[in-house]
Amino acid sequence: MPFLSVALCNFRNLKNDKIDLSSKEIYFVGENGQGKSNLLESLYYSAYGSSFRTRTDSQIISYGKDNFSVISFYKNQNENSHQIKIVYEKDKKQIEKNGKKIHDRKELINTIPCVLFSHSDMDFAIGEPEKRRFFLDQSLTMYDEFYIDDLRSYKKILKTRNILLKEKDYNMIEIYDVQLAQKGLEIQKKRKKAIFQFNEIFGKLYEQISGIEGVSICYSPSWKEIKQEFGSRIPNVDDVLHILYEKREKDRILCTTLSGPHRDKVIFVKDKRQFIPNASTGQCRLTALLLRVSQAVYYTQITGIKPVLLMDDVMLELDPDKRQKFTSAIPEYDQLFCTFLPGEPYERYKRQETKIYTIKNGEWTL
């Protein structure tokens, strides 16, 4: 199992200590504000070198301190033990893997693959289009470092193109159009394939738990397929350049790029109509949960590796029947961490080997 232990120093309000994580399942039980989510955050931080709660590392430091560190010991599925050490001080972050400094967080890919379930996942169902694009991109970047490179390059090109539009400097626009088309089409190709594979998982799960059939995920790219006499085809670079040329005047007026993967949409549909606008809160919550389940299954299908599941109070809003069905649909995992409030029936879910930590004021007791 990946996590053997995690040693923390000045991480939020958690005590400076090492916590034993050598169990297939671990539950963190405590009232709100006691540190349950902070522990999950430290595990996620070990896996990806960033937080799921903030983009500003300085916000993670315990009050009154000026640095923090996380040291994780884990064993992968080949029984090889490793260490991840992350230190943040003087507004700088240093990450080491097995004593060697790494310069790019993408070097952590497939090291400790975590899938996080949290309340903010609701945004993937009802939030702005950028939230659903983020989920899709996150699913791909969990295993594909080339996708990370493509995404970074595209964002850099897009940023430069938008600067030129704002500064009304149009001399280099055509050069950046070519680069935007090349990188954008590669992103679009991978997103489309990922959504196709997701639908093989998501629709069946949704029907199994909710009893509603025919719910699927639709990918609507900004650069749409080119219609022909017999069907349609995927656009090529020349097609995209034509699209960018046609939209250039509007781009100039609004000083921004109006087409490309940054404008793609991910939509939930049923019977060829949008599903979410008329769905209940419970159905939306279930949609978000099953996206995460699908993400875990998808990752295992692609890599052959079972992920670590981090579940942060995610079953609170499900009725008892759906909660039972959801727990039965949890995908195969290498390790599972869950947080619960004291009054929840977590005893029903535990196994013989499950460890249960009680969390209070940032301290844990077994």
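Residues numbered from 1 in each chain as written. Predicted model: local features only at pLDDT ≥ 70, side-chain atom pairs only at ≥ 80, totals over all residues. Heavy atoms only, no water.

J.: I'd like to hear about the overall build of the chain, residue by residue, with values.
T.: Helix and strand content of the chain: eight helices and 17 strands. Its C-alpha atoms give the chain a radius of gyration of 22 Å, near enough to 21 Å, the size a compact globule of 366 residues would have. Seen through its C-alpha atoms, the chain measures out along the principal axes to roughly 65 × 50 × 35 Å. Split into buried and exposed, the 366 residues of the chain put 51% on the buried side. When contacts within the chain are restricted to residue pairs at least 6 apart in sequence, those whose partners lie at least 24 apart make up 69%. Within the structure as shown, the chain displays about 18,500 Å² of accessible surface, and the carbon and sulfur contribution to it stands at 48%. Positive and negative side-chain charges of the chain, numbering 58 and 50 respectively, have mean locations separated by a distance of 1 Å. (Helix = DSSP H or I, 4+ residues; strand = E, 2+ residues; numbered from the N terminus. Rg over C-alpha atoms; globule rule 2.2 N^0.38 Å. Buried < 20%, exposed > 50% of the residue type's maximum accessible area, 1.4 Å probe, protein only. Contact = heavy atoms within 4.5 Å. Areas by Shrake-Rupley, 256 points an atom, 1.4 Å probe, with all protein chains shown as cover. Lys, Arg positive; Asp, Glu negative; His and termini not counted. Charge placed at Lys NZ, Arg CZ, Asp CG, Glu CD.)

J.: An account of the pairing of strand E6 (residues 92–97) is requested, with residue identities and associated values reported.
T.: Bridge analysis of strand E5 (residues 81–89) against E6 gives six bridges, and the strand direction is antiparallel. Among the inter-strand pairings, tyrosine 88 is bridged to a residue of E6, identified as lysine 93. Hairpin remark: E5 followed by E6, antiparallel, with two residues in the connecting loop; positive phi at lysine 90, about 55 degrees. With three bridges joining them, E6 and strand E7 (residues 100–102) adopt antiparallel strand pairing. Paired with lysine 97 across the two strands is lysine 100, which belongs to E7. The antiparallel hairpin formed by E6 and E7 contains two residues in its connecting segment, where asparagine 98 sits at a positive phi of about 55 degrees. (Pairing = 2+ DSSP bridges.)

J.: Help me get a handle on the packing of helix H5 (residues 173–210) against helix H7 (residues 281–303), residues and values and all.
T.: Between H5 and H7, the least distance of the axes is 9 Å, while the angle of their chain directions is 130 degrees. Taken together, the axis directions place H5 and H7 in an arrangement best described as oblique. Regarding H5 and H7, the two cross each other, and that crossing is right-handed. Where H5 approaches H7, its residues Ala194, Gln197, Phe198, Ile201, Phe202, Leu205, Tyr206, Ile209 and Ser210 are matched on the opposing element by Gln283, Leu286, Thr287, Leu290, Leu291, Val293, Ser294, Gln295, Val297, Tyr298, Gln301 and Ile302. Among the residues forming the contact of H5 with H7, the class breakdown is 14 nonpolar, seven polar and no charged. (Axes fitted to C-alpha atoms, helices over the stretch in contact; angles between N-to-C directions. Parallel < 35°, antiparallel > 145°, perpendicular 65-115°, else oblique. Left-handed = near helix turned anticlockwise from the far one by under 90°. Nonpolar A, V, L, I, M, F, W, Y, C, P; charged D, E, K, R; others polar.)

J.: How would you summarise the sheet that holds strand E8 (residues 114–117) if you had to cite specific residues and measurements?
T.: Read from one edge of the open sheet, six strands run E8-E14-E15-E3-E16-E17, paired in mixed fashion. If you trace the sheet from one side to the other, it starts and ends with E8 and strand E17 (363–365), each paired once. For this sheet the average axis-to-axis angle between neighbouring strands, irrespective of direction, equals 20 degrees. Of the strand pairs in this sheet, strand E3 (residues 25–29) and strand E16 (residues 355–360) are connected by four bridges, and their pairing is parallel. The residue bridging isoleucine 26 from the neighbouring strand is lysine 355, located in E16. Those strands touched by helix H1 (residues 36–48) are E3, E8, strand E14 (308–312), strand E15 (335–340), E16 and E17, and its axis lies near 150 degrees from that of E14.

J.: Describe in detail the nonpolar core, supporting the description with residues and values.
T.: Phe28, Phe326 and Phe337 are the most contacted members of the largest nonpolar core, which totals 105 residues. Sort the elements by how many residues they give to this core and H5 lands first, with 14 residues. In contact with phenylalanine 337, not counting residues within four places along its chain, are Phe3, Leu21, Ile26, Phe28, Leu40, Leu43, Val308, Leu309, Leu310 and Met311. (Core = buried A, V, L, I, M, F, W, Y, C linked by side-chain atoms within 4.5 Å.)

J.: Go over the confidence of the model for the chain with me, naming the residues and quoting the values.
T.: Taken residue by residue, the chain gives an average pLDDT of 93. The fraction at 70 or more is 100%. Per-element mean pLDDT across the chain ranges from 80 in helix H8 (residues 320–329) up to 97 in helix H4 (residues 145–166). (pLDDT = per-residue confidence, 0-100.)

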